[in-house]
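# An overview of the molecular structure
If you want the building blocks of each chain, they are given just below.
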Amino acid sequence: MFYSFIRVVVRVLLFIVNGNAHYEHKERLPEGNYILVGPHRTWFDPIYYALAGSPKKFSFMAKIELFKNPVLRWILKHANAFAVDRDHPGPSAIKTPVRLLKKKRFILNHVSIWTRHSQDLKGGVAVIAKLAKVPIVPTVYQGPLTFKQLFTRKKNYRLFRRTLLRRPQTQA
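Residues numbered from 1 in each chain as written. Predicted model: local features only at pLDDT ≥ 70, side-chain atom pairs only at ≥ 80, totals over all residues. Heavy atoms only, no water.

With that settled, the discussion passes to the environment of K130. Secondary-structure assignment places K130 in helix α5 (residues 124-132). Residue K130 is classed as exposed on the basis of its relative accessible area of 69%. Sequence separation of K130 and V98 is 32 residues, and the distance between their C-alpha atoms is 9.1 Å. (Helix = DSSP H or I, 4+ residues; strand = E, 2+ residues; numbered from the N terminus. Buried < 20%, exposed > 50% of the residue type's maximum accessible area, 1.4 Å probe, protein only.)

As a packed pair, helix α1 (residues 2-18) and helix α2 (residues 45-52) sit with axes 11 Å apart at the nearest point and diverge in direction by 110 degrees. Accordingly, the angle class assigned to the pair α1 and α2 is roughly perpendicular. For the element pair α1 and α2, the recorded crossing hand is left-handed. Residues Y3, R7, V10, R11, L14 and N18 of α1 lie in contact with α2, whose contacting residues are I47, Y48, A50 and L51. Class assignment of the residues belonging to the contact of α1 with α2 gives a composition of seven nonpolar, one polar and two charged. (Axes fitted to C-alpha atoms, helices over the stretch in contact; angles between N-to-C directions. Parallel < 35°, antiparallel > 145°, perpendicular 65-115°, else oblique. Left-handed = near helix turned anticlockwise from the far one by under 90°. Contact = heavy atoms within 4.5 Å. Nonpolar A, V, L, I, M, F, W, Y, C, P; charged D, E, K, R; others polar.)

Moving on to the pairing of strand β4 (residues 81-84). As defined by bridge partners, strand β3 (residues 60-63) adjoins β4 across four bridges and the pair is classed as parallel. Note that in β4 the partner of F60 across the bridge is A81. Crossover connection from β3 via helix α3 (residues 70-78) to parallel β4: handedness right-handed. (Pairing = 2+ DSSP bridges. Right-handed = clockwise from strand over helix to strand, strands pointing away.)

Negative phi is the rule for most residues except glycine; trans is the rule for most peptide bonds. Phi is positive for H25, close to 60 degrees, though the residue is something other than glycine. Mapping H25 onto the fold places it in the loop between β1 (22-23) and β2 (34-38). In this structure H25 comes out as partly exposed when scored by relative accessible area, which is 24%.

If you look at the biggest cluster of nonpolar residues, it comprises 21 residues, and the most contacted ones within it are Y3, L36, Y48, F58 and F60. Of all the secondary-structure elements, those providing two or more residues to this core are α1, β2, α2 and β3. When residues in this core are grouped by element, the largest group, four residues, is from α2. Membership of the second largest hydrophobic core comes to nine residues, among which are V37, L101, I128 and A132. (Core = buried A, V, L, I, M, F, W, Y, C linked by side-chain atoms within 4.5 Å.)

This next bit is on a nonpolar patch on the surface. On the surface, L66, V71, L72, W74 and I75 cluster together to form a nonpolar patch covering roughly 430 Å² of accessible area. Topologically, I75 is positioned in helix α3. Overall, the relative accessible area of 36% leaves I75 in the partly exposed class. (Patch = residues over 30% accessible without salt bridge, like charges linked within 9 Å, V, L, I, M, F, W, Y side chains within 5 Å. Areas by Shrake-Rupley, 256 points an atom, 1.4 Å probe, with all protein chains shown as cover. Salt bridge = Lys/Arg side-chain N within 4 Å of Asp/Glu carboxyl O.)

Mean pLDDT over the protein: 76, with 77% of residues reaching 70 or higher. Within the protein, α3 carries the highest mean pLDDT (91), whereas strand β7 (residues 158-159) carries the lowest (48). Note on residues 156-172: pLDDT is under 50 here. Beyond four places in sequence and across chains, it has 61 contacts. (pLDDT = per-residue confidence, 0-100.)

Quick look at α2 now. Burial analysis of α2 places seven of its eight residues in the buried class, the great majority of the element. All of the buried residues in α2 are D45, P46, Y48, Y49, A50, L51 and A52.

As for its position among the elements, H22 is in strand β1. Sequence spacing of H22 and A52 is 30 residues, and the spatial spacing of their C-alpha atoms is 8.6 Å.

This is the structure:
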């Protein structure tokens, strides 16, 4: 309930602040569950990813440090986010997203393949996709990179620019 409500509120706020977002190749998205991956360059690009996948719901993988603030923790938990300790990931960093992807209520999952300040590719997304038997949908956010630039209302951002889809092979 909160997720659907806050998605509408955020969509209206972003429209007022930055104008209407444009998404390319949205029709190529799979029907069922999948993992949407993309570079994490700003603190707000996951919001645009979630809006692009609408009306489907995301489940976000977020660093554990974000859950230390009680207000932010409440928002993240109600926005279907789960904490991952990046220094000591443990088995739950793989098991939790696999479990969520297998559930019907979490139709969509966003896993960032890079941290905001690193270009090192993270390999966990391939393991998660293989175990959950879901395709990986690569995407990119091309828009304002700072909070100040959000207010310029430039129409230069697109998601799903290079969408490569492969259906997972089913085991016989």
